[in-house]
Amino acid sequence: MPAILAIESSCDETAVAVVAAAAGEKARVLTSEISSQIELHQPYGGVVPELASRNHSLVLRPLVEVALRNAGLGIDQIDAFAATAGPGLASSLLIGNTAAKAMALAMRKPFIAVNHLEGHLLSPFLHATTVPPHIALIISGGHTLLIEVTTVASYRKLGSTLDDAAGEAFDKVAKMLGLPYPGGPSIEKSAIDGNPRAFSFPRGLMHESHFDFSFSGLKTSVLYTLPKIENVAAAVPDLCASFQAAVIDVLLHKSLQALSASGFSHLALSGGVSLNKPLRAAFQQACDDRKIRLSLADPALCTDNAAMIAFAALLRHQIGQSDPLNSPIHPNLPLVG
Ligand code: KG4
Ligand code: ZN
């Protein structure tokens, strides 16, 4: 049973996972270790690249050892080594890439470079035997993408964000409201006590016929609303609930539009923002009403992790693909084109 060890270090999480599967069988995650840097970056309200990269190099080696121990495998039982090649922070990508390449070289095994976005895109199918034709909505801190997926590696971009990513909008609005980083979970928590109709925030580009997104107008609208409120602290739950409702509305509307345009009846959500419970519920309800199948990634696979990278690498390995040891990292690596 081929086993892949993958490293994810594109941003502020150092992650190592081992995934294995016999041909035609479901993949098994033997271990998925994450060393989070959230606390390290929290005082700065965002990721500091130098701190991220230094911390990756400090924790990576012990994390690989823990991963192998928890997978119950020796390094000589790993059939290929993979790492995220991009998109991400150059100085962070380099750490994981170099480590995976060094292990591949030392063990004389293939190296597989994985696109972080493909990792997210495939994550809802980690426990499936196939990746069926579907519309994929990737909503993370750095990306908002609508993709038409015919099969693995056959992707057509339908739309993306013209400015902020959905997660970035959550993070920036949380910062404006004095809520802790990362903003998504803080906004979701505060919104529980708020009224989603208290403020009427704009739904950027929602009624345009294309599939691109824009969240900067929404973010600015929250900013301009603040000075008009007498007691901002008391209004935070309503602001959060109204902002969250606007994001969900746009994402859902565009996804349904993409499903009707493509004729597909299967939607998959991935990325950190897809952890949002009201968002999951709104998508589930809309899909149930329209007899559309909805695939959601396991919560542990929504935010950055190495299991999704190992899974994408495993699918490549199964068809005999690998990458040269001198393959570069790509901070702006696109998923398509
Ligand atoms: O996929 P991810 O871990 O990293 C990137 O590849 O960017 O996504 C992180 C993003 C952050 O912007 C974070 O605020 C957002 O996902 N996020 C959420 C929630 N949990 C994380 N957004 C909304 N609701 C959540 N519960
Ligand atoms: Zn990500």
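Criteria and thresholds
Residues numbered from 1 in each chain as written. Chains lettered and ligands numbered in written order. Predicted model: local features only at pLDDT ≥ 70, side-chain atom pairs only at ≥ 80, totals over all residues. Heavy atoms only, no water. Helix = DSSP H or I, 4+ residues; strand = E, 2+ residues; numbered from the N terminus. Buried < 20%, exposed > 50% of the residue type's maximum accessible area, 1.4 Å probe, protein only. Contact = heavy atoms within 4.5 Å. Areas by Shrake-Rupley, 256 points an atom, 1.4 Å probe, with all protein chains shown as cover. Pairing = 2+ DSSP bridges. Axes fitted to C-alpha atoms, helices over the stretch in contact; angles between N-to-C directions. Near = heavy atom within 4 Å. Polar contact = N/O pair within 3.5 Å; in protein donor to acceptor, adjacent residues only side chain to side chain. Expected span 1.5 Å × (residues − 1). Arc of directions from axis to C-beta. Donors = N, O, S within 2.8 Å, 3.2 Å for Na, K, Ca; no water. Tetrahedral: all angles 85-135°; square planar, octahedral: opposite > 155°, others 65-115°. Domains from an automatic or database assignment. Buried area = accessible area lost by both parts, 1.4 Å probe. Salt bridge = Lys/Arg side-chain N within 4 Å of Asp/Glu carboxyl O.

**Re the overall build of the chain**
Line of reasoning, step 1. When you go through the chain residue by residue, the secondary structure sums to eleven helices and ten strands.
Line of reasoning, step 2. Each of the three principal axes of the chain carries a C-alpha extent, and together these read 65 × 45 × 30 Å.
Line of reasoning, step 3. In the chain, which comprises 337 residues, the share counted as buried stands at 54%.
Line of reasoning, step 4. Counting contacts in the chain only where the partners sit at least 6 residues apart, residues at least 24 apart contribute 72% of the total.
Line of reasoning, step 5. When the accessible surface of the chain is split by element, carbon and sulfur atoms take 54% of a total near 14,400 Å².

**Here we look at the sheet that holds strand S2 (residues 13-20)**
Line of reasoning, step 1. The five strands are arranged S3-S2-S1-S4-S5 in an open sheet whose pairing can be described as mixed. Looking at the sheet topology across the chains shown, the edges are occupied by strand S3 (28-36) and strand S5 (111-115). Neighbouring strand axes in the sheet, compared pairwise and without regard to direction, differ in orientation by 20° on average.
Line of reasoning, step 2. With eight bridges connecting them, S2 and S3 associate as antiparallel partners. Bridge pairing in S3 places Val 18 opposite Thr 31.
Line of reasoning, step 3. Contacting strand S1 (3-8), S2 and S3, helix H2 (residues 49-71) crosses the sheet at an angle of about 25° to S2.
Line of reasoning, step 4. Running at roughly 135° to S1, helix H11 (residues 307-318) makes contact with S1, S2, S3, strand S4 (80-86) and S5 of the sheet.

**What to know about the site of ligand 1**
Line of reasoning, step 1. Within the structure, ligand 1 sits among 21 residues, and Gly 141, Asp 171, Gly 184, Glu 188 and Asp 304 are positioned closest to it.
Line of reasoning, step 2. With respect to ligand 1, the side chain of Asp 171 contributes an N or O atom lying 2.7 Å from an oxygen atom.
Line of reasoning, step 3. Between ligand 1 and Asp 304 there is a distance of 3.0 Å, counted from an oxygen atom to a backbone nitrogen or oxygen.
Line of reasoning, step 4. Across the complex, the protein chains shield 88% of the 560 Å² of accessible surface that ligand 1 would expose by itself.

**Focus on helix H9 (residues 277-289)**
Line of reasoning, step 1. In a regular helix each residue adds 1.5 Å, so 13 residues correspond to 18 Å; H9 covers 18 Å between its end C-alpha atoms and thus fits that length.
Line of reasoning, step 2. Along H9, the positions that sit buried rather than exposed are Leu 279, Arg 280, Phe 283, Ala 286 and Cys 287. One face of H9 carries all of its buried residues, which in axial projection span an arc of 140°. In H9, the exposed positions angled more than 90 degrees off the buried face are occupied by Lys 277 and Asp 289.
Line of reasoning, step 3. The secondary structure elements touched by the buried residues of H9 are strand S6 (134-139), helix H8 (232-262), strand S9 (266-270), strand S10 (293-296) and helix H10 (299-302).
Line of reasoning, step 4. The N-terminus of H9 is capped by Asn 276, whose side-chain oxygen sits 3.0 Å from the backbone nitrogen of Leu 279.
Line of reasoning, step 5. Count one or two residues on from H9 and you reach Lys 291, which has phi positive near 55°.

**Some thoughts on the sheet that holds strand S7 (residues 144-151)**
Line of reasoning, step 1. Strand order in the open sheet made by the five strands is S8-S7-S6-S9-S10, with mixed pairing throughout. Edge strands, defined here as strands with exactly one partner in the open sheet, are strand S8 (154-160) and S10. Ignoring strand direction, the axes of neighbouring strands in this sheet form an average angle of 25°.
Line of reasoning, step 2. Relative to S8, S7 is paired through six bridges, and the arrangement is antiparallel. The residue of S8 that forms the bridge with Ile 147 is Lys 157.
Line of reasoning, step 3. In the packing of H9 onto the sheet, the strands contacted are S6, S9 and S10, and the crossing angle to S10 comes to about 155°.

**Observations regarding the coordination of the zinc ion (ligand 2)**
Line of reasoning, step 1. Looking at the zinc ion (ligand 2), one finds its protein donor set to be His 116 (NE2), His 120 (NE2) and Asp 304 (OD), positioned 2.0 to 2.1 Å from the metal centre.
Line of reasoning, step 2. Here the zinc ion (ligand 2) binds four donor atoms, and the angle range of 95 to 133° at the metal identifies the geometry as tetrahedral.
Line of reasoning, step 3. In primary sequence terms, the donor set of the zinc ion (ligand 2) follows H-x3-H-x183-D. Of this pair, His 116 sits in helix H4 (residues 116-122) while Asp 304 sits in the loop between H10 and H11, placing them 188 residues apart in sequence. Accessibility classification places His 116 together with Asp 304 in one group, the buried group.

**A closer look at the domain arrangement of the chain**
Interface size is commonly expressed as the accessible surface area that is lost when the partners come together.
Line of reasoning, step 1. In terms of domain boundaries, the chain breaks down into domain 1 (3-125 + 301-318) and domain 2 (134-297).
Line of reasoning, step 2. Relative to domain 2, the C-alpha centre of domain 1 lies at a distance of 27 Å.
Line of reasoning, step 3. Taken together, the contact pairs 21 residues of domain 1 with 27 residues of domain 2.
Line of reasoning, step 4. Note on domain 1 versus domain 2: buried area summed over both sides is about 1,700 Å², and carbon and sulfur give 75% of it.
Line of reasoning, step 5. Taken together, domain 1 and domain 2 are joined by zero salt bridges.
Line of reasoning, step 6. Applying the counting criterion to the domain 1 and domain 2 interface returns five residue pairs in polar contact (both at pLDDT 80 or more).
Line of reasoning, step 7. Elements with a contribution of two residues or more to the side of domain 1 that touches domain 2: helix H1 (38-41), H4 and H10.
Line of reasoning, step 8. Ranked by residue count, the leading element in the side of domain 1 that touches domain 2 is H4, at five residues.

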